[in-house]
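Observations on chain architecture
Take a look at the letters that make up each chain.
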Amino acid sequence: MAEEARWYVVHTYSGYENKVRDDILKMINHLNMEDQILDVMIPTQKVTETKNGEEKQSEKKMFPAYVLVKMIMNERTWYVVRNTRGVTGFVGPGSKPVPLTEEEVESLGKIAEVKESPFSVGDHVVISDAMWQDKVGVISEIHPAEGTAVVMIEMFGRDTPVDFNLTELEKV
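Quick notes on the rules
- Residues numbered from 1 in each chain as written.
- Predicted model: local features only at pLDDT ≥ 70, side-chain atom pairs only at ≥ 80, totals over all residues.
- Heavy atoms only, no water.
- Buried < 20%, exposed > 50% of the residue type's maximum accessible area, 1.4 Å probe, protein only.
- Helix = DSSP H or I, 4+ residues; strand = E, 2+ residues; numbered from the N terminus.
- Arc of directions from axis to C-beta.
- Contact = heavy atoms within 4.5 Å.
- Polar contact = N/O pair within 3.5 Å; in protein donor to acceptor, adjacent residues only side chain to side chain.
- Phe/Tyr/Trp six-rings, centres within 6.5 Å; stacked < 30°, edge-to-face > 60°.

Let us look at helix α2 (residues 75-82). Burial in α2 covers these residues: T77, V80 and V81. Around the axis of α2, the buried residues are gathered within 90 degrees of arc, so they sit on the same side. Within α2, the exposed residues directed more than 90 degrees away from the buried face are E75 and Y79. Buried residues in α2 make contact with β1 (6-12), α1 (17-30), β2 (37-41), β5 (66-71) and β6 (87-90). Between a side-chain oxygen at the N-terminus of α2 and the backbone nitrogen of R76 the separation is 3.0 Å; the capping residue is N74.

Spelled out as structure tokens, the structure:
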């Protein structure tokens, strides 16, 4: 019976995620382990930020200091991944790696699929939230993965940032 490849979470030194991924991929090729270690990934998502009035999109790591590895767990694959420079260990009790469940893998896919927002930074919006009903503001940040936006609303004579769900906003 052939074992099934599962996703495992590998803890790395912070900032070493790309190096660890690249080194594991090199080792896979060097040791001809393509049939045992199938994929190495660093989950990221696109984030829109506003700095100095300019909208900027960037990729952010969803889980800093972690890398996901799809592999058939055995002594050889464990050894290769565990002894990659920058890896501090697998996630799991003691030295026993625990694979992600199907539900966790599915939720990662859903999180990684960043929804397109119908709004843009700088849009004027009317708020439908009960407390802020019919108040007008300007979007300063959008977080599509969370389905939220930061809206600047005038309170006490100055603009104040307030978080809202995108469903509570309507373009003016």
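Bringing the packing of aromatic side chains into the picture now. Within this structure, the stated rule accounts for three aromatic pairs. Between Y13 and Y16, the aromatic rings sit 5.8 Å apart at their centres with planes inclined by 65 degrees, giving edge-to-face as the arrangement. Ring centres 6.3 Å apart and planes at 85 degrees place the aromatic pair W132 and F164 in the edge-to-face group. One end of the pair, W132, is in the loop between β7 (124-127) and β8 (136-143); the other, F164, is in strand β10 (residues 158-165), with 32 residues separating them in the sequence. Across the pair, F164 and W132 agree in class, each one buried.

All we've got here are geometric facts, nothing functional implied.
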